[in-house]
Amino acid sequence: MKSHIANLFSPAAIRALAVPGAILLCVVAGAKWNWIAQFPDDWTLPVAAGINVILNSIIPNILPLTSTVSHALGTMLGSLVATLQFLPWPAVVLAVMLIGFKAGGLRLLALCLCALSYIVLAGFWRQSMATLSLVILAVPISVLGGFLLGLGAFLLPWVRRPIELLFDFMQTFPAFAYLIPLLLLFGFGPIAGLVATAIYAIPPMARCMLSGLTQVPRELVEVGDMTGCTPLQRLLWVELPSAKPMMMIGINQTTMAALSMVITASIIGGFDDIGWAVLSGLRQADLGKSLLSGLVIVLISIITDRITAGIFAGRRAQNGWHMRWGTAPVLLAAAAILGMGALSRWAAPDLVQGLNETRGVIDLSVVNSAVLGFVGRYGHILDALKSGILYYLVLPLRLGLSGAVLPTTWGFAMTPPVTAFYAAVALLLAIRQWAKGNPGGAAGTLSLAILLFIGLVGFPWPAAILLVMWCALRVSGPKFAFFAGASLGFALLSGLWIPFVKSLYLVGVSVALCALVGGLLGMLAAHNSWLSAGLRPINDALQTMPQFVFLIPALMFFKVGEFAGLIAISLYAIVPAIRYTEAGLRAVPATILETARQLGCTPAQSNLLVQVPLARPALLLGLNQTVMAAITMLPIAATVGTAELGQQIYISLGKADAGLGITAGIVFCLTAINLDRMLRAAAERCATPDQDK
Amino acid sequence: MSSAPSLASPRQVKLACRDLWKLYGARPRDAMAAAMPLVEDKDRLRSELAGSGHVAAVAGASLEVHEAEIFVLMGLSGSGKSTLLRCLTRLIEPTSGKVLLDGEDLLAASRHRMVELRRHAMGMVFQNFGLLPHLTVLDNVAFPLRVQGIEASKRYARAREMIELVGLRGLEGHFPSQLSGGQQQRVGIARSLAVGPQIWFLDEPFSALDPLIRRQMQDEFIRLQKMLRKTIVFVTHDVQEAFRLADRIAIMRHGSIVQMGTPAEIALAPANAYIAEFLRDIPTLRVIKAADVMRPLAADTSPAHVVSGSAVLEEIVPLVLNGTPLVGVQDEAGAIVGQVTAAEIAELARQGRD
Ligand SMILES: Nc1ncnc2c1ncn2[C@@H]1O[C@H](COP(=O)(O)OP(=O)(O)OP(=O)(O)O)[C@@H](O)[C@H]1O
Ligand SMILES: [Mg+2]
């Protein structure tokens, strides 16, 4: 008992409590010295300008090369688009159906038929072919690049770490930010978008390649060695063939990544493709059009996914006579159909010409009026939802309780007695944790209480750095704490602190929404197989959808602005919340649940006291995925008017200010990488609680 | 080849290793140097190495494998059998020691020479079969020949021969995933024999199989060896398998060889309690041969029954039970060279039981 009490006042415990103390000090001092509350402008460094100077000295030197590449790609793209648009659509539909049948039997054939008919009927055939051309050109580049990078990383272990870091960067670096230098290099138009797409889609291939090669069973490598293979023979005959299934998965994922990026990149414009149709629909508030074209993208993504996955699964998924057809003959037959289609175009030019220019027969202007009607009719509900989230979630995070709690909304003000009560509750909670021998938790509670009171925007920057570094130190170690501190320092010095903080709270709010709604859905689905089966295809569809599409429903019901962005982000990020919650809860062994029931737990008790704690690592990983998804959605959401880093990037795209874009992109990337590492480390600590002390 | 292999002397050493060590850990060579003074006390040596984060997977193993014998490495899981085997083929680079193949120091051999040796002199069978999933049975068996650059028609002819040998005719076009475990291992065996190796390494070849199939495969293995007379290093953790197949056995524990000898030598005189414990599962009378335990023929006796020196005691038991007090043992030439008494057999049978 004595040692227990001594523990309470051990140096470590005192040190932990120094953190909220220092934060409080910063807050108080900030009131007196403004430089603590707000990072002074003249302390910032001209990072963006510096990057521009560097770029300006590099770009002219490689411009001849890139313009040649650009020209070549442009020619290829032009002829590919012309060819695809030249082919009569019935031939293309037939060919795709044939391939779909080979890949997934009658079901996939029916899916292809429905999807393609929809595209024709909705009148987006031309645009679809343009988008498809972009993907067809980008994917081989990405696959080749990913193949080489993955192979290189496998053969040269010392470059593996740096290359993996590069992949992290490539996947989190917002595409808008590197679109700008690409625009400068490849000129305005679809080629810059094509290159951006190709770059973005490299990492999935490279990752699969590397993991496929490193996972070749040791025995097989030994077989190679024992039969006297030279290193090259071993690579070609043992390792690469063994890694083939993973490579196929890589190609599938790269294709999906390219599809979603090609839509994002269409923001550059200058190309009459599906992405542009979605975007212009959004811009003209023609929701019918953007909905129609958005659906086209979704359908193309789903078909592409199923077909590539089905074909690559190959022999192993042998269940049906369609599988017995060879892939090559099927492709040949498809090509023959296309060839016949082309011939028919010469035979009866007018007819086919007419066919391909069919205007859409689905008219969704009714949707516009329906939505408008709905919004008009139920506007008060939507408004209530909006203001509820705004007043009770967004504003408190942004301005803190001190700024957001007003008599008009909360029914009371933060008068000194209320504040004192708030402080007392926080203190009591902290003392309880401290008494339980958890001074770190107590310090965390206090810091959180101060943060909630002040709000993210007004939180003094030294306190923010201190808090983040302390968290990083606790979950991981000094190396990570230093990295996190340096990242924050970069945000401060580059003058992007405020957008950075706004990004954080936008992510925070949407993650909170996702955790609430998604967590609830996941929990229900874990206990109800019907709901689970119903949610699965929805989740699948949500995950294959390009990010832009999520803006559509958000804009349908809410006006352009931060709130629509918030809804779009949440829609996009909710899938991992649902999936991980359900999977985590379902993974709790049945025997443990039986034990709990035996001990007399009510279902609710067994849920809260047994399942949720046991599923904690999975839940934290789900949180991590949700946060990552929310972050990658930020720049897209910026196009409907949020005010944060994404907006900075979007603005820089408009001004072609590469420096600003890249700086914001770096801050963005650092945010993502730090959050990712922090949550992962927390999940790991959760999974191995013994290391806690 | 430095010295032409000759079958004339059955005890010619084909493969040997001397004081072989393999340490796993961050700095194996330094740890090795530091631990050498303790080499006499194995337990302290191990705890010392563990202290610096090292494991001695093989700790000072020396052995000699004779021409055309089946040499079995036996030990519990983790005793270092696979590691020792792979050190002998240099799939794993030993930390120190010597490996001699026909007197040639393998650890000093160039990379090129090793490739040469593996292509022509060594064959290996793996526990999990190690079949390449993207190749058919025929292509799997022909793989080592393809590596050597042998033209297609020749290598397929040879591969068909091997497939025939292991009794898989008709399955040439199948993929490994379409075969049963026993069939897969037959493919593995055929492949390892395709190049006509002088030394045949088998790492727990039958451990992944069901008991019944395992027995069949052991019989098959004995049949093949009668035909081929390879020099064999066979790894197993199964005592019965070891005693059934071995000409000589080395029992491993914690990376060292604790006893080495013929099955009868080990069964008659286990070196320590650990090995004696193993032997409880062994039908002693089936392992010991008459020549192993016979004594010189007493002067004035003429045994009523005579058996060959290679007969196992189990065969003599019925005679003894019929009341024959003593059985004569004759050598290959037919001369009676010794005797075994009923009392001795009874004594051995009792030892085997407890
Ligand atoms: N790559 C490695 N790194 C570290 N330790 C290893 C490595 N490979 C083997 N060991 C250790 O060396 C010891 C011997 O392993 P080995 O695989 O040779 O045992 P084994 O007798 O073949 O066992 P089994 O019957 O399970 O195959 C084990 O304690 C193992 O943990
Ligand atoms: Mg082993």
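None of these values were measured; they are calculated from a predicted model.

## Observations concerning the overall build of chain B
Per the secondary structure count, chain B includes 15 helices and 13 strands. Its C-alpha atoms give chain B a radius of gyration of 23 Å, within 12% of the compact-globule value 20 Å for 354 residues. Here chain B displays about 16,200 Å² of accessible surface, and carbon together with sulfur accounts for 51% of that area. Where the 40 positive side-chain charges of chain B centre and where its 39 negative ones centre are 6 Å apart.

## Re the domain arrangement of chain B
Residues and elements named next belong to chain B. Under the domain assignment used here, chain B contains domain 1 (65-95 + 106-121 + 197-282) and domain 2 (286-353). For the pair domain 1 and domain 2, the summed buried surface comes to about 480 Å²; carbon and sulfur atoms form 74% of the total. Applying the counting rule to domain 1 against domain 2 returns 0 salt bridges. Run the count over domain 1 and domain 2 and you get 0 residue pairs in polar contact (both at pLDDT 80 or more). Element by element, the count of residues in the side of domain 1 that touches domain 2 is highest for helix 10 (residues 263-268), at 4 residues. When its residues are assigned to classes, the side of domain 1 that touches domain 2 shows 6 nonpolar, no polar and no charged.

## Some points on the pattern of salt bridges
Applying the stated criterion across every chain, the model contains 27 salt bridges over all chains. Across the salt bridge formed by Glu104 of chain B and Arg113 of chain B, the nearest N and O atoms sit 2.8 Å from each other. Arg214 of chain B serves as the salt-bridge partner of Asp238 of chain B, at 3.4 Å between the closest nitrogen and oxygen. Here Asp238 of chain B is found in the loop between strand 8 (231-236) and helix 9 (239-245), whereas its partner Arg214 of chain B is found in helix 8 (residues 211-228), with 24 residues between them in sequence. The buried category is assigned to Asp238 of chain B, whose relative accessible area is 18%. Overlapping salt bridges bring together Arg218 and Glu222 of chain A together with Arg86 and Asp203 of chain B as one network.

## Some thoughts on the sheet that holds strand 10 (residues 256-261) of chain B
Residues and elements named next belong to chain B. Taken together, the 6 strands give an open sheet; going across it, the order is 6-7-8-3-9-10, and neighbouring strands pair in mixed fashion. On the outer flanks of this sheet lie strand 6 (122-125) and strand 10, each paired with one strand and no other. Between one strand axis and the next, the sheet turns through 15 degrees on average, direction left out of account.

## Some points on the domain arrangement of chain A
Here chain A is partitioned into domain 1 (81-122 + 327-359), domain 2 (131-294) and domain 3 (381-400 + 494-693). Between the C-alpha centres of domain 1 of chain A and domain 3 of chain A there is a distance of 40 Å.

## Comments concerning the packing of helix 6 (residues 125-155) of chain A against helix 12 (residues 231-242) of chain A
For any two helices packed against each other, one specifies the inter-axial angle together with the distance between the axes. All names here are of chain A. Between helix 6 and helix 12, the least distance of the axes is 14 Å, while the angle of their chain directions is 105 degrees. The angle between helix 6 and helix 12 falls in the class roughly perpendicular. Here Phe147, Leu151, Phe154 and Leu155 of helix 6 lie close against helix 12, whose contacting residues are Leu235, Glu239 and Leu240. The residue inventory of the contact of helix 6 with helix 12, partitioned by class, reads 6 nonpolar, no polar and 1 charged.

## Quick word on the state of the cysteines
This model, assessed by the stated rule, comprises 0 disulfides over all chains. Of the cysteine sulfurs around Cys114 of chain A, a residue in no disulfide, the closest is that of Cys112 of chain A, at 9.3 Å.

## Structural notes on the environment of Phe143 of chain B
Relative to the helices and strands, Phe143 of chain B resides in helix 5 (residues 137-147). Expressed as a C-alpha distance, the spacing of Phe143 of chain B and Ser192 of chain B, which sit 49 residues apart in the sequence, is 9.7 Å. In contact with Phe143 of chain B, not counting residues within four places along its chain, are Thr227, Cys229, Trp237 and Val238 of chain A together with Leu132 and Leu135 of chain B.

## Here we look at the interface of chain A and chain B
For an interface, size is often stated in terms of accessible area lost upon the parts coming together. The interface of chain A with chain B comprises 16 residues on the first partner and 25 residues on the second. Taken together, the two surfaces of chain A and chain B that pack against each other cover about 1,900 Å², and 65% of this comes from carbon and sulfur. For the chain A face of the interface with chain B, the top three residues by lost area are Glu219, Met226 and Trp237 of chain A, together amounting to 37%. Counting every contact that joins chain A to chain B gives 1 salt bridge. The residue Glu222 of chain A makes a salt bridge to Arg86 of chain B at a minimum N-O spacing of 2.6 Å. On the surface where chain A and chain B come into contact, there are 8 residue pairs in polar contact (both at pLDDT 80 or more). When residues of the side of chain A that touches chain B are traced back to their parent elements, those giving at least two are helix 11 (218-226) and helix 12 of chain A. It is helix 11 of chain A that provides the largest number of residues to the side of chain A that touches chain B, a total of 7 residues. Of the residues in the side of chain A that touches chain B, the class split is 7 nonpolar, 4 polar and 5 charged.

## Considerations on the confidence of the model for chain B
All names here are of chain B. Averaged over all residues, the pLDDT of chain B is 87; the fraction at 70 or higher stands at 96%. Note on residues 1-9: pLDDT is under 50 here. Beyond four places in sequence and across chains, it has 10 contacts. The ipTM assigned to the predicted complex is 0.86, against a pTM of 0.82.

About the criteria used
Numbers given for residues are sequential positions, taken from 1 along each chain in its written order. Here the convention is simple: chains get letters from A, ligands get numbers from 1, in the order in which they are written. Given that this is a predicted model, residues contribute local features only at a pLDDT of at least 70 and side-chain atom pairs are listed and counted only at 80 or more, while totals for whole chains, interfaces and linings are drawn from all residues. Hydrogens and water molecules were not included; the side-chain quantities draw on all heavy atoms of the structure. Only runs of H or I of at least four residues qualify as helices and only runs of E of at least two qualify as strands under DSSP, and these elements are numbered from the N terminus. Here the globule rule is a power law, 2.2 Å times the number of residues to the power 0.38, and the radius of gyration is based on C-alpha atoms. Per-residue and other accessible areas follow the Shrake-Rupley method at a 1.4 Å probe size, with only the shown protein chains counted as cover for residues. When charges are counted, neither His nor the chain ends are considered; positive counts come from Lys and Arg and negative counts from Asp and Glu. In plain terms, the charge of a residue is placed at NZ if it is Lys, CZ if Arg, CG if Asp and CD if Glu. Domain extents, as shown, originate in an automatic or database domain assignment. When two parts are put together, the accessible area they lose, computed with a 1.4 Å probe and summed over both, is reported as buried area. Salt-bridge detection follows one rule: a side-chain nitrogen of Lys or Arg within 4 Å of a carboxyl oxygen of Asp or Glu. Polar contacts here mean pairs of N or O atoms no more than 3.5 Å apart (in protein, one a potential hydrogen donor and the other a potential acceptor; neighbouring residues in sequence count only if both atoms are side-chain atoms). Side-chain classes follow a simple rule in which Ala, Val, Leu, Ile, Met, Phe, Trp, Tyr, Cys and Pro form the nonpolar group, Asp, Glu, Lys and Arg form the charged group, and the remainder, Gly included, forms the polar group. Three exposure classes are used, based on accessible area relative to the maximum for each residue type with a 1.4 Å probe and protein chains only: buried under 20%, partly exposed in between, and exposed over 50%. Between any two strands, at least two bridges found by DSSP are needed for them to pair. Angles here are taken between N-to-C directions and fall from 0 to 180 degrees, while the axes themselves are lines fitted to C-alpha atoms, restricted in helices to the stretch in contact. By definition in this entry, angles of less than 35 degrees are roughly parallel, angles greater than 145 are roughly antiparallel, angles of 65 to 115 are roughly perpendicular, and the rest are oblique. Here, residues are in contact when the closest pair of their heavy atoms is within 4.5 Å. Disulfides are defined as pairs of cysteine sulfur atoms found within 2.5 Å of each other. Values of pLDDT, which run from 0 to 100, indicate the predictor's confidence residue by residue.

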